[in-house]
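Listed below, chain by chain, are the residues.
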Amino acid sequence: MTTTPERGSDPDEGGEAGEAAEATLGDGLEELIADVEEAIEPLEATVDMTPLDHPHRLLLVHAHPDDEVLSTGGTMAMYAEKHALVTLVTCTLGEEGEVVVPELRHLASDRDDTLGPYRIGELAASCEALGVKDHRFLGGAGRWRDSGMMGEPTNDRVDCFWQADLPEAARDLVAIMREIRPQVVITYDENGAYGHPDHIQANRVTVAAFELSADPSYAPELGEPWQPAKLYYSAIPRSQFREGMKALAERGVETGFGG
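Residues numbered from 1 in each chain as written. Predicted model: local features only at pLDDT ≥ 70, side-chain atom pairs only at ≥ 80, totals over all residues. Heavy atoms only, no water.

Visitor: Could you give me a rundown of the side chain of Asp 146, with the residues and numbers involved?
Guide: Tracing the backbone shows Asp 146 in the loop between strand E3 (134–137) and helix H4 (166–180). No salt bridge is formed by the buried Asp 146; its nearest oppositely charged neighbour, Arg 119, is found at 4.8 Å. Polar contacts involving the side chain of Asp 146 include one to the main-chain amide nitrogen of Glu 96, which spans 2.9 Å. Apart from residues lying up to four places away in sequence, Asp 146 is in contact with His 64, Thr 92, Gly 94, Glu 95, Glu 96, Gly 97, Cys 160, His 196 and Asp 198. (Helix = DSSP H or I, 4+ residues; strand = E, 2+ residues; numbered from the N terminus. Buried < 20%, exposed > 50% of the residue type's maximum accessible area, 1.4 Å probe, protein only. Lys, Arg positive; Asp, Glu negative; His and termini not counted. Salt bridge = Lys/Arg side-chain N within 4 Å of Asp/Glu carboxyl O. Polar contact = N/O pair within 3.5 Å; in protein donor to acceptor, adjacent residues only side chain to side chain. Contact = heavy atoms within 4.5 Å.)

In structure tokens form, the structure reads like this:
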């Protein structure tokens with residue numbers, strides 16, 4: 001804080017009185033700052049921010065907990081650090097995931113079948129580490145179940161994401177798009193990066209929602225139409241993927257990707 005002389009006063013005038021005034025100002029400054037901080041802290045806690053308060057908004061659609069880190073973690077962390085609004089939508093709880101930690105194998109779908117709720121906690125920790133403050137489950141937590149790998153019997157479950165009604169799932173995502181109003185949307189390519197049915201379905205749902213969100217005749221009750229400027233597919237260069245598989249094989253790790 002700076003002070004200026006009163007209009008018409010002499011800045012050199014004052015002598016001891018000026019020094020006393022300066023001392024008084026110095027003594028009260030810390031108290032003033034403390035009072036302001038005390039008033040601001042509860043205000044910051046109650047300010048109702050809206051998506052449009054963020055000039056940059058990014059929406060990512062992933063199939064399972066951990067996918068956000070495996071393919072777009074760096075992107076999410078970078079934009080979160082730059083104070084963009086980063087919204088993560090996860091389509092399933094990842095109930096069919098492989099459990100490699102011996103102490104947690106009882107969570108697997110062929111035993112207690114409680115892996116999904118456990119992974120909610122893992123996902124929350126992931127978002128905290130990445131700096132992502134806005135996370136949603138498509139349709140709500142547990143609406144769609146992990147379908148498992150392509151060709152598995154779990155693909156046929158009526159509640160799995162692979163069997164999801166496309167218009168219903170797209171509608172849920174349109175509601176989020178119109179609320180967040182992202183400039184950029186990111187998901188997988190048409191093959192879901194490596195053919196996982198939930199990744200493929202995430203692509204289908206995202207592409208459909210990307211188009212429907214801008215249609216003023218579509219579900220006006222979901223909010224004002226919004227057209228994101230860009231839709232990106234996450235990708236890994238084949239050369240980088242091969243190097244990663246080679247490194248894992250050299251360490252005796254079975255990846256299931258063969259040659």
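Visitor: Residue-level account of H4, with values.
Guide: Residues three or four positions apart in an α-helix share a direction because the helix packs 3.6 residues into each turn. Its 15 residues place the ends of H4 21 Å apart at the C-alpha level, agreeing with the 21 Å of an ideal helix rising 1.5 Å per residue. Three or more residues of H4 are buried, namely Ala 169, Ala 170, Leu 173, Val 174, Ile 176, Met 177, Arg 178 and Ile 180. Summarising the contacts, the buried residues of H4 are in contact with strand E1 (57–62), strand E2 (85–90), E3, strand E4 (184–187) and helix H6 (197–212). The distance from a side-chain oxygen at the start of H4 to the backbone nitrogen of Glu 168 is 2.9 Å, and the residue carrying that oxygen is Asp 165. Positive backbone phi, approximately 55°, marks Arg 181, located one or two places after H4. (Expected span 1.5 Å × (residues − 1).)

No statement about biological role is implied by the geometric values presented.
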